[in-house]
Amino acid sequence: MPPVAFITGVTGQDGSYLAEMLLEKGYDVHGLVHRPDAIQHSWIAPLVHDPAIMGKRLFLHNGTFEDATRLRRVIGQARPNEFYHLAGQSSPRLSLEMPEATVDSIGMGTVRLLEILRDLPDPPRFLYASSSEVFGSPPHSPQDELTPLNPTTPYGAAKAFSQQMSRIYRIAYKLKTCSVILYNHESPRRSSQFVTMKIARAAARIKRGLQKGLPLGSLNGRRDWGWAPDYVKGMWMMLQADPVDDFVLATGELHSVEEFVQIAFASLDLEWRDHVSFDQNLITTVEPVAPCGNPGKARRLLGWQNSVPFAEMVIRLVRSEYDKSG
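Starting from 1, residues in each chain are numbered consecutively following that chain's sequence as written. Selection of residues for local features in this predicted model requires a pLDDT of at least 70, selection of side-chain atom pairs for listing and counting requires 80 or more, and totals for whole chains, interfaces and linings are taken over all residues. By convention in this description, side-chain values take in all heavy atoms of the structure and omit both hydrogens and water.

## Remarks on the environment of V318
Put simply, the rule is: Helix numbers and strand numbers start at the N terminus; a helix is a DSSP run of H or I with at least 4 residues, a strand a run of E with at least 2.
Turning to its location among the elements, V318 is positioned in helix α11 (residues 310-325). Note: C-alpha distance between V318 and R205 (113 residues apart in sequence) is 9.9 Å.

## A closer look at the packing of helix α5 (residues 99-118) against helix α6 (residues 154-172)
Condition: In this analysis an axis means a line fitted to C-alpha atoms, helices contributing only their contacting stretch, and an angle means the value between N-to-C directions, from 0 to 180 degrees. Should an angle fall under 35 degrees it is taken as roughly parallel, and over 145 as roughly antiparallel, whereas 65 to 115 is taken as roughly perpendicular and any remaining angle as oblique. We call a crossing left-handed when the near helix sits turned anticlockwise from the far one by less than a right angle, and right-handed when that turn is clockwise. Whether two residues are in contact is decided by their heavy atoms, any of which lying within 4.5 Å being enough. For this classification, the nonpolar set comprises Ala, Val, Leu, Ile, Met, Phe, Trp, Tyr, Cys and Pro, the charged set comprises Asp, Glu, Lys and Arg, and every other residue, Gly included, is treated as polar.
Interaxial distance between α5 and α6 falls to 8 Å at its minimum, and their mutual angle equals 10°. The angle between α5 and α6 places the two elements in the roughly parallel class. Our pair here, α5 against α6, has a crossing hand that is right-handed. Across the interface between the two elements, P99, T102, V103, I106, G107, T110, V111, L114, E115 and R118 from α5 touch P154, Y155, A158, K159, F161, S162, M165, S166 and Y169 from α6. Grouping the constituent residues of the contact of α5 with α6 by class yields eleven nonpolar, five polar and three charged.

## Regarding the packing of aromatic side chains
Just so we agree on the cut-off: Under the pairing criterion, centres of Phe, Tyr and Trp rings, with the six-membered ring standing for Trp, must be within 6.5 Å; the plane angle then separates stacked pairs below 30 degrees from edge-to-face pairs above 60, leaving the rest tilted. Exposure classes here rest on a 1.4 Å probe applied to the protein chains alone. A residue is buried below 20% of its type maximum, exposed above 50%, and partly exposed in between. Both a distance and an angle decide whether a charge sits over a ring: NZ of Lys or CZ of Arg must be within 6 Å of the ring centre and within 35 degrees of the ring normal.
Applying the stated rule across the entire model yields seven aromatic pairs. Judged by centre distance (5.8 Å) and plane angle (20°), the rings of W225 and F310 are stacked. Of this pair, W225 sits in the loop between β9 (222-223) and β10 (226-227) while F310 sits in helix α11; the two residues are 85 residues apart in sequence, bridging distant segments of the chain. Classification of W225 by relative accessible area gives buried; the value is 3%. A ring pair is formed by F260 and F310, whose centres lie 6.0 Å apart and whose planes are at 70°; its orientation type is edge-to-face. Taken together, the residues span a long stretch of sequence, with F260 in helix α9 (residues 257-266) and F310 in helix α11 at a distance of 50 residues. F310 shares its class with F260; the two are buried. Connected via pairs of aromatic rings, a cluster forms that spans F6, F83 and F126. The side chain of R189 reaches across the aromatic face of Y17, ending 4.0 Å from its centre. Above the plane of the ring of W227 lies R316, whose end atom (NZ or CZ) is 4.9 Å from the centre.

## Notes on the nonpolar core
Heads up, the condition is: Throughout this description, the term nonpolar core refers to a set of buried Ala, Val, Leu, Ile, Met, Phe, Trp, Tyr and Cys residues connected via side-chain atoms within 4.5 Å.
If you look at the biggest cluster of nonpolar residues, it comprises 41 residues, and the most contacted ones within it are I7, L22, Y84 and L127. Examining the composition of this core, we find that eight residues originate from one element, helix α8 (residues 228-240), more than from any other. When near neighbours in sequence (up to four residues on either side) are disregarded, L22 contacts A5, I7, Y27, V29, Y84 and W236. Counting 26 residues, the second-largest nonpolar core is a separate cluster that includes A203, F265, M313 and V318.

## A word on the pairing of strand β4 (residues 82-85)
Stated formally: A pair of strands counts as paired when DSSP detects no fewer than two bridges linking them.
Going residue by residue along β4, you find E82 and Y84 tucked away on one face and F83 and H85 tucked away on the opposite face as well. Relative to β4, strand β1 (residues 4-8) is paired through four bridges, and the arrangement is parallel. From the neighbouring strand, T8 faces β4, where its bridge partner is H85. Looking at chain direction, β4 and strand β5 (residues 125-131) are connected through four bridges and run parallel. Paired with E82 across the two strands is R125, which belongs to β5.

## Let's talk about the pattern of salt bridges
Side chains that differ in sign of charge can pair as their charged atoms come close. Here is the rule we go by: Salt-bridge detection follows one rule: a side-chain nitrogen of Lys or Arg within 4 Å of a carboxyl oxygen of Asp or Glu.
Summed over the entire model, instances satisfying the criterion amount to 14 salt bridges. Close ionic contact of D119 with R72 constitutes a salt bridge, the shortest N to O distance being 3.1 Å. Linking D119 in the loop between α5 and β5 with R72 in helix α3 (residues 68-78), this pair joins segments that are 47 residues apart in sequence. Looking at D119, the relative accessible area reads 49%, which means it is partly exposed. The class for R72 is partly exposed, based on a relative accessible area of 39%. Linking R273 and E271 is a salt bridge whose minimum nitrogen-to-oxygen distance equals 3.3 Å. On the accessibility criterion, R273 (54% relative accessible area) is exposed. If you follow the salt bridges from partner to partner, you end up with R170, D245, D246 and K297 in one network.

## Here we look at unusual backbone geometry
Here the bond from S141 into P142 is cis, since omega is 0°, no more than 30 degrees from zero. On the secondary structure map, P142 appears in the loop between β5 and α6. Residue D242 is joined to P243 through a cis peptide bond whose omega torsion reads 0°. With respect to the element layout, P243 can be found in the loop between α8 and β11 (247-249). Its identity as a non-glycine residue notwithstanding, R79 has a phi of 50°, on the positive side. The residue K174 is not glycine, and still its phi comes out positive at about 60°. With respect to the element layout, K174 can be found in the loop between α6 and β6 (177-182). Since its relative accessible area comes to 67%, K174 is described here as exposed.

Written as structure tokens, this is what we have:
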């Protein structure tokens with residue numbers, strides 16, 4: 001029998017890359033879908049349209065985290081060996097406007113899943129996708145698995161809660177649960193709400209003559225940006241480890257928004273200062289202190305690393321947007 005994986009957030013950037021990778025490795029893949037009407041336009045659409053895969057090795061289940069009965073039923077039927085919990089509200093900025101919905105979606109959704117898995121006769125290995133936002137304003141940089149959690153947004157607080165609950169279920173109930181603390185990771189599948197894609201898309205459209213300018217907030221903000229497919233591979237590597245444990249996945253390098261802009265526009269022979277303007281309304285109310293991760297543990301114990309350098313990553317994003325806008 002092939003190994004079976006269950007993925008929440010299967011239609012998103014990480015979920016789609018993970019589904020493709022696991023199918024290539026011979027897994028049967030089950031995915032939880034919150035909006036069935038969006039599947040045809042999602043990143044897994046090519047898989048859905050492949051008759052050799054859909055319904056034979058890929059199985060999609062409609063459901064929400066609020067409906068525990070439905071979740072229990074579909075997970076019990078799938079009987080996964082590995083469970084990847086990637087879904088949930090994904091915007092720190094939006095969480096400041098919708099804290100209650102954010103905490104319920106991320107925090108209580110995770111607890112419901114853990115409770116369902118705890119009741120299974122043979123619980124799967126479970127990975128929770130946490131975030132560098134759990135560190136908020138960290139006392140030191142880079143951050144690692146032992147850095148104190150100090151979130152500064154409802155999103156970060158909900159992620160920290162879920163991460164801690166995953167650890168508690170590992171200790172108290174002896175489940176094989178772990179959390180991956182993900183730093184920013186990009187790809188052409190990244191949602192357009194993130195500044196990286198906003199910049200890449202604007203540069204491409206300006207080059208094509210489809211857009212005049214790009215308003216941005218502070219260009220001084222710095223981030224630890226990596227390549228998403230590498231991070232997805234790291235998730236899988238974590239669940240193959242024995243025992244399972246928590247890991248930071250990051251590059252260990254900081255780059256500013258201005259660096260990102262410079263490389264993006266230069267890759268299309270554009271002078272960024274001619275097109276980028278400052279917009280006070282885009283300044284984040286709570287700006288974390290330069291979140292930079294230390295991936296040393298993952299490198300040492302898993303043999304994991306980010307394979308795409310920063311500049312190459314930016315160029316890939318811009319080229320993808322440029323090709324799509326033609």
